[in-house]
Amino acid sequence: MARFENKIVLITGASSGIGEAAAYAFGREGAKVFLVARRADRGEAVAQRIREEGGTALFYQADMADRAQIGAMVAACVEKFGGLDVAFNNAGIDGAFNVNIPDHPEDVWDDVLTINLTGVWYCMRHQIPAMLERGGGSIVNMASMAGVKGFPGSSSYAASKFGVVGITKAAALEYADQGIRVNAVCPAVIRSEMADRVFGTDEADNEAQAASWHPIGRIGEPEEVANVVLWLASDEASFVTAETIQIDGGLGA
Ligand code: NAD
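Residues numbered from 1 in each chain as written. Predicted model: local features only at pLDDT ≥ 70, side-chain atom pairs only at ≥ 80, totals over all residues. Heavy atoms only, no water.

S.K.: When you look at the sheet that holds strand S2 (residues 32-37) in this model, what are you seeing that I'm missing?
M.R.: Strand pairing in a sheet relies on backbone hydrogen bonds. The paired strands run either parallel or antiparallel. Spatially, seven strands are ordered S3-S2-S1-S4-S5-S6-S7 in an open sheet, and the strand pairing comes out parallel. Strands with a single pairing partner mark the edges of an open sheet, and in this sheet they are strand S3 (56-61) and strand S7 (244-247). Each strand of the sheet is rotated relative to its neighbour by a mean of 15°, with strand direction disregarded. Pairing of strand S4 (residues 86-89) with strand S5 (residues 137-142) involves four bridges; the strand directions are parallel. Directly across from Asn-89, in S5, lies its bridge partner Asn-141. Against the sheet, helix H1 (residues 17-28) contacts strand S1 (8-12), S2, S4 and S5, and its axis sits at roughly 170° relative to S1. (Pairing = 2+ DSSP bridges. Helix = DSSP H or I, 4+ residues; strand = E, 2+ residues; numbered from the N terminus. Axes fitted to C-alpha atoms, helices over the stretch in contact; angles between N-to-C directions. Contact = heavy atoms within 4.5 Å.)

S.K.: Sorry, what's going on with the packing of aromatic side chains here?
M.R.: A ring pair, where both rings are aromatic, is described by two values, the distance of the centres and the angle of the planes. Scanning the model with the defined rule gives seven aromatic pairs in all. Within the aromatic cluster, the residues linked to one another by ring pairs are Phe-97, Tyr-157, Phe-199 and Trp-213. (Phe/Tyr/Trp six-rings, centres within 6.5 Å; stacked < 30°, edge-to-face > 60°.)

S.K.: Honestly, the packing of H1 against helix H2 (residues 40-52) in this entry has me stumped. Any pointers?
M.R.: Think of two packed helices as two axes; the pair is described by the angle between the axes and how far apart they sit. Contact geometry for H1 and H2: axes closest at 10 Å, N-to-C directions at 25°. Put simply, H1 runs roughly parallel to H2. Considering how the two elements wind past one another, H1 and H2 form a crossing that is right-handed. Facing H1, whose interface residues are Glu-20, Ala-23, Tyr-24, Gly-27 and Arg-28, H2 presents Val-46, Arg-49 and Ile-50. Split by residue class, the contact of H1 with H2 holds four nonpolar, one polar and three charged. (Parallel < 35°, antiparallel > 145°, perpendicular 65-115°, else oblique. Left-handed = near helix turned anticlockwise from the far one by under 90°. Nonpolar A, V, L, I, M, F, W, Y, C, P; charged D, E, K, R; others polar.)

S.K.: Sorry, what's going on with the packing of helix H3 (residues 67-81) against helix H4 (residues 106-133) here?
M.R.: Here H3 crosses H4 at 30°, and the two axes come no closer than 9 Å. In terms of orientation, H3 lies roughly parallel with respect to H4. Handedness of the crossing formed by H3 with H4: right-handed. Taking contact as the criterion, the partners of Arg-67, Ile-70, Gly-71, Met-73, Val-74 and Val-78 in H3 are, on H4, Gly-119, Tyr-122, Cys-123, His-126, Gln-127 and Ala-130. Of the residues assigned to the contact of H3 with H4, the class counts are seven nonpolar, four polar and one charged.

The structure is reproduced here in structure tokens:
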């Protein structure tokens, strides 16, 4: 199956975890993958692997905390590949967990909101005009279960991810009649460097504890999120917009 033959796909935070898994999946389905990250060595390695598998990929270095770099990123994608059809705005940081609001560090609040929320807003600000040039497109934004359900001790992350859900719906409604669909994914705990940092899932006992929160009895894999992202981005989801899909092994039920 090659659902993305000749489609130009931009992915942020593609040097690891969910973004990396999505980059390989899009690459295998024929997309021209414009993958973005801060870590050049790892980003280049992902692009190289996609090319070795017979796909098309370019790595571009950009920091989602820098609005000028975000504009330059979209312009570079249009220049190198000739346009933009799909964007997966995935880059994000975890910030502080288990720290209540009075003790929540102010610099963490600023950084998390800047990267996780304002970064996605600037991405869409530049991606939407580029997609309109091609008659439409599909945007998938990375939210979280923490963007639809309250958890104590992670107020900056919660604010950023609830915000992503909000701007996803706003953008979807602004462009629903102009061929651009905008959706968000809301994963629970997914195996990644972030999950290792926050939940210690690289240690068997901690992974077992994280697994126990999910009715399905385990944490998720990055590929399981990528599968949903590709479906949302594809024409198979042509009547789906302004939606938030929980990928959570039943946790949110
Ligand atoms: P990860 O740490 O492997 O991936 C995050 C990626 O974002 C990394 O490649 C990182 O370099 C990149 N990034 C961070 N700040 C950036 C910046 N300023 N500019 C450019 N890139 C930047 O972890 P992951 O789990 O794959 O996270 C991907 C997304 O999924 C994040 O937005 C995260 O909030 C979200 N998420 C993760 C989980 C989970 O349990 N792993 C659950 C829900 C949501």
